[in-house]
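Read off the chains here:
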Amino acid sequence: MKYFLLIVLVPFSFLGLMAQSSTTLDDIYGSENANQIREQYPERIEFIEFYNENGYYLAEIPSSKNLEALKDISDIEKLHENLPDITSSMIENKVLNILGYNFRLSENEVQYYRVDENYMLVLIDAESIRKQFQEITD
């Protein structure tokens, strides 16, 4: 899995494994590169789709949370200039294609990014998502 991330999604060593559909791969990588990914790693496409649908969610920032400790969503680099800024609406409606943003996937730590004054993007750790994926595919 880690090898796949490093080879296929370079310079993505992050949460960029996700896509809502195969077309999203085309949007991010271009048709030629997306087709190469599909041909070389067909078994990974299902996981990619699962992660993009289930690997994140929107949450209210608890009053007890130290706002200074939260990473700011605006600091996340867009991998393509035509991508929109991330908004709470995109996250809540599950239309965020995190494949197009330079998130760094943590193996076993949930990550939090402040989206605005009230909400944060929560990125689920890779280990938890793999377990969830295995439960539905076994």
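Heads up: the structure comes first, above all this text.
A few points on the structure. The shown structure was predicted, so the numbers you read here are calculated from the model rather than taken from an experiment. Position labels on residues start from 1 in each chain and follow its written sequence. Note on the predicted model: pLDDT of at least 70 is required for a residue's local features to be given, and 80 or more for side-chain atom pairs to be given and counted; whole-chain, interface and lining totals, by contrast, use all residues. Hydrogens are left out, water is left out, and the side-chain values use all remaining heavy atoms of the structure.

## Section: the packing of aromatic side chains
Aromatic ring pairs are reported here in terms of the distance separating the ring centres and the angle at which the planes meet.
Right, so step 1: Planes of paired rings set the category: under 30 degrees apart is stacked, over 60 is edge-to-face and the rest tilted, where pairs are Phe, Tyr or Trp rings (Trp by its six-membered ring) whose centres lie within 6.5 Å. For the structure shown, the criterion picks out five aromatic pairs.
Right, so step 2: Note on Phe-50 and Phe-133: the rings are 5.4 Å apart at their centroids and 55° apart in plane angle, and the pair reads as tilted. Pair noted here: Phe-50 is in helix H4 (residues 42-54) and Phe-133 is in helix H6 (residues 126-137), with a separation of 83 residues, a long-range link. In this pair, the class of Phe-50 matches that of Phe-133, namely buried.
Right, so step 3: Ring geometry for Phe-103 versus Tyr-113: centroids 5.3 Å apart, planes at 75°, classification edge-to-face. Of this pair, Phe-103 sits in the loop between helix H5 (88-92) and strand S3 (111-114) while Tyr-113 sits in strand S3, and the two are ten residues apart along the sequence. The same class applies to Phe-103 and to Tyr-113, which are both buried.
Right, so step 4: One aromatic cluster is present, formed by Phe-47, Phe-50, Tyr-51 and Phe-133 through successive ring pairs.
Right, so step 5: The rule is short: NZ of Lys or CZ of Arg within 6 Å of the ring centre and within 35 degrees of the ring normal puts a charge over the ring. Here the basic side chain of Lys-94 rests over the ring of Tyr-56, its NZ or CZ set 4.3 Å away from the ring centre. Only DSSP runs of H or I reaching four residues or more are called helices, and only runs of E reaching two or more are called strands; each is numbered from the N terminus. Relative accessibility under 20% of the residue-type maximum defines a buried residue, over 50% an exposed one, and the middle range a partly exposed one, all with a 1.4 Å probe and only protein chains included.

## Overview of the pairing of S3
Right, so step 1: With burial as the criterion, only one face of S3 is covered, namely that bearing Gln-111 and Tyr-113; the residues Tyr-112 and Arg-114 on the opposite face remain uncovered.
Right, so step 2: At least two DSSP bridges between two strands are needed for those strands to be called paired. By the bridge criterion, four bridges tie S3 to strand S4 (residues 119-123) in an arrangement that is antiparallel. When the bridges of S4 are listed, Tyr-112 appears paired with Val-122.

## As for the pattern of salt bridges
Right, so step 1: Note on definitions: salt bridges are taken to be side-chain nitrogens of Lys or Arg within 4 Å of carboxyl oxygens of Asp or Glu. All told, the structure shown has four salt bridges when counted by the stated rule.
Right, so step 2: When the shortest N-O distance is used, the salt bridge between Arg-130 and Glu-107 registers 1.9 Å. One end of the pair, Arg-130, is in helix H6; the other, Glu-107, is in the loop between H5 and S3, and 23 residues separate them in sequence.

## Here's the deal with the packing of H4 against H6
Right, so step 1: Viewed as axis vectors pointing N to C, H4 and H6 meet at an angle of 115°, and their least axial separation amounts to 10 Å. Crossing handedness for the pair H4 and H6: right-handed. Along the contact surface, H4 presents Glu-46, Phe-47, Phe-50, Tyr-51 and Asn-54, while H6 presents Ala-126, Ile-129, Arg-130, Gln-132, Phe-133, Ile-136 and Thr-137.
Right, so step 2: The residue classification treats Ala, Val, Leu, Ile, Met, Phe, Trp, Tyr, Cys and Pro as nonpolar and Asp, Glu, Lys and Arg as charged. All others, Gly included, are polar. By residue class, the composition of the contact of H4 with H6 is seven nonpolar, three polar and two charged. Here an axis means a line fitted to C-alpha atoms, over the contact stretch when the element is a helix, while the angle between two N-to-C directions is reported on a 0 to 180 degree scale. With the far helix as reference, a near helix turned anticlockwise by less than a right angle produces a left-handed crossing, and one turned clockwise produces a right-handed crossing. Residues are treated as being in contact if the distance between any of their heavy atoms lies within 4.5 Å.

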